[in-house]
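Coordinates in review
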Amino acid sequence: MIDELDRRTDLASDLTRRARAAGVGLIWRAQARRTSRVLVQSGRAEETGVSTASGHGVQVVTPEGYTALGSRDDFDPGAAANLLDRVIGIAAHGPDLGLTRVPAASSEALRARDVPEGLEAFERLDLEAARNRLIDLEREIASRVEGVTLRLAFGTDLDGWRVVRDDGTDVTFAMPRCTMRMTASNEGSGDRHSVGASVSGPLPDLPWNDATVAKFLERALAAARLATRLPDAPNHPSGSFPILMDYALAKGLAHEAFGHASEADGFRSSILAKDGKFRAGDRVGPAHVSVIDEPVRGDHAFQPFSANGVRRRRATIVDHGHLKDALTDAWTSASAGTSLTGAERAESFRSAPLPRMTNIRIEVDAPIPAPGAFEDYGPEEVRELLASAGIFRRHPEVVFLSGYSGGQVNTVTGDFVFNCKSIYRLGHSGATLYKPAIFSGSMFGALGAIREAFGPLALDAIGTCGKWGQSVPSSGGSHWFVFLEPEPSVRLGGR
């Protein structure tokens, strides 16, 4: 599949020469993608399929700073030349069309390649074998947890890009990602509840990799058992409480609150900017807390280069309590008053790149060690961890929020509303399960309330970010558990 991109050197060269002759800048993006899906329910395959897509897009930049884009679902040289001519004509009439003039910052020309070995496994994937494997796993989960409806899915996505610019930049990279997911649903005497579990990896051997399957089964069984109990669990009272959140919910806080607010294309109204400039240096949290976004190799959201052919670099959004780096591209770094971090991503060759996150996390200095693996920690084990750390000497009861199931943030005010998968009240007497409820508050209040963290970093809380209608994979996390002191601006809902 990557070969299809390698074969387009002549096309890229022709378009580059044509753009130079017209006196405009060019960014050429070619993409080839192969996606496979298997969905199993009740011992049967509900969906099995493979799809492929490829094509290219041209982005023209005039000397005056007007930009226009166009795309085609093929690599026909004649049609590509005509497309480029039309896009150049559109950009040249930018003032008449009401386009906004935005000069781009320059970046060094880069020639690089990041294509992992072993990608031929994606084309050799046996979907019938994957379907049978999912059916076996579904049968095993159902035999150990009765009373739930299960859905298992396996997906692979090999996403290859080549980005060529008129300044000599020529970057090729591949982003392999695979997932195995399970959703367990149950309806008791009350509401219906669904709880999910997932694992991810860069190669399509997930269903047959013993270590990955063992982790998946641990997570899936815990989720299925939780689904059986939630319908009959009571509702938790609303209010402000000492809160312990797991790394999946911490990733949601980092992504939805600080991540989106630090994307420089929103700095006209973001709470992290003033007069369009990033508030670098301002204190927004305690000195032992940082928020970091960076590509992590092998991660679900890994992307080594931006959609403009810039090497993506680590962005320390909050550095020990102070704002430091914004997520920027060539069109926003200068206006934001910060350095270029190469944060632009695009869903496809048809899309305009936007500054956005990859793998984002909350880090806390000097986390308290937690033995074993994250999957070893049910609510009782978490309660023992808090007891050994002396948390119950400060607070006789702690509310433990587990799992992230969506939310949103107002980047203008910094207010967020999240949903968790379950709530436990932990204390000396034990752990009590409650139905999930809304977790809401101020992003600054939540960050300022972080006191301790437990365990090493876990960064595999995967999801999909849908900014401006473009869906791209997201990932991130934090330490296994993060503790927040009671904060009036941070509340747990209820009924």
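Relevant structure appears above.
A quick note: this is a predicted structure, and the numbers were derived from the prediction, not measured. (Residues numbered from 1 in each chain as written. Predicted model: local features only at pLDDT ≥ 70, side-chain atom pairs only at ≥ 80, totals over all residues. Heavy atoms only, no water.)

With that settled, consider helix H6 (residues 127-144). An α-helix turns once per 3.6 residues; consequently, residues spaced three or four apart project the same way. The terminal C-alpha atoms of H6 lie 26 Å apart, and with 18 residues this matches the ideal 26 Å at 1.5 Å per residue to within 8%. Every buried residue belonging to H6 is among Leu127, Ala130, Leu134, Ile135, Leu137, Glu138 and Ile141, and all of these are buried. Along H6, the residues classed as buried sweep out an arc of 165° about the axis, all on the same side. Among the exposed residues of H6, those oriented more than 90 degrees off its buried face are Glu128, Arg139 and Ser143. Check the buried side of H6 and you find it contacts strand E1 (25-41), strand E2 (44-61), strand E5 (149-165), strand E6 (170-187) and helix H7 (210-229). Where H6 begins, the side chain of Asp126 points an oxygen toward the backbone nitrogen of Glu128, at a separation of 3.0 Å. (Helix = DSSP H or I, 4+ residues; strand = E, 2+ residues; numbered from the N terminus. Expected span 1.5 Å × (residues − 1). Buried < 20%, exposed > 50% of the residue type's maximum accessible area, 1.4 Å probe, protein only. Arc of directions from axis to C-beta. Contact = heavy atoms within 4.5 Å. Polar contact = N/O pair within 3.5 Å; in protein donor to acceptor, adjacent residues only side chain to side chain.)

In this section: the side chain of Arg219. Along the chain, Arg219 falls in helix H7. In this structure the side chain of Arg219 is engaged in a polar contact, spanning 3.0 Å, whose partner is the side chain of Asp460.

One way to put it is that H6 packs onto H7 with a least axis distance of 10 Å and a crossing angle of 45°. Judged by the inter-axis angle, H6 sits oblique to H7. By crossing handedness, the relation of H6 to H7 is classed as right-handed. Residue-level inspection shows Arg133, Leu137, Glu140, Ile141 and Arg144 of H6 in contact with H7, the latter providing Val213, Phe216, Leu217, Ala220, Leu221 and Ala224. Here the residues of the contact of H6 with H7 sort into eight nonpolar, no polar and three charged. (Axes fitted to C-alpha atoms, helices over the stretch in contact; angles between N-to-C directions. Parallel < 35°, antiparallel > 145°, perpendicular 65-115°, else oblique. Left-handed = near helix turned anticlockwise from the far one by under 90°. Nonpolar A, V, L, I, M, F, W, Y, C, P; charged D, E, K, R; others polar.)

Tallied over the full model, the rule gives 15 aromatic pairs. Ring geometry for Phe416 against Phe439: centres 5.3 Å apart, planes inclined by 55°, an arrangement best described as tilted. Here Phe439 lies in strand E20 (residues 438-442) and Phe416 lies in strand E18 (residues 415-427), a separation of 23 residues in the sequence. For Phe439, a relative accessible area of 0% puts it in the buried group. For the ring pair Phe418 and Phe439, a centre distance of 6.4 Å and an interplane angle of 50° mean the geometry is tilted. Residue Phe418 is found in strand E18, and its partner Phe439 is found in strand E20; the two are separated by 21 residues along the sequence. (Phe/Tyr/Trp six-rings, centres within 6.5 Å; stacked < 30°, edge-to-face > 60°.)

This part covers H7. Here H7 spans 29 Å end to end across 20 residues, near enough to the 28 Å set by a 1.5 Å rise per residue. Among the residues of H7, Thr212, Val213, Phe216, Leu217, Arg219, Ala220, Leu221, Ala223, Ala224, Leu226 and Ala227 are the ones counted as buried. N-cap assignment for H7: the residue whose side-chain oxygen lies 3.1 Å from the backbone N of Ala211 is Asn209.

Structural measurements only, silent on function.
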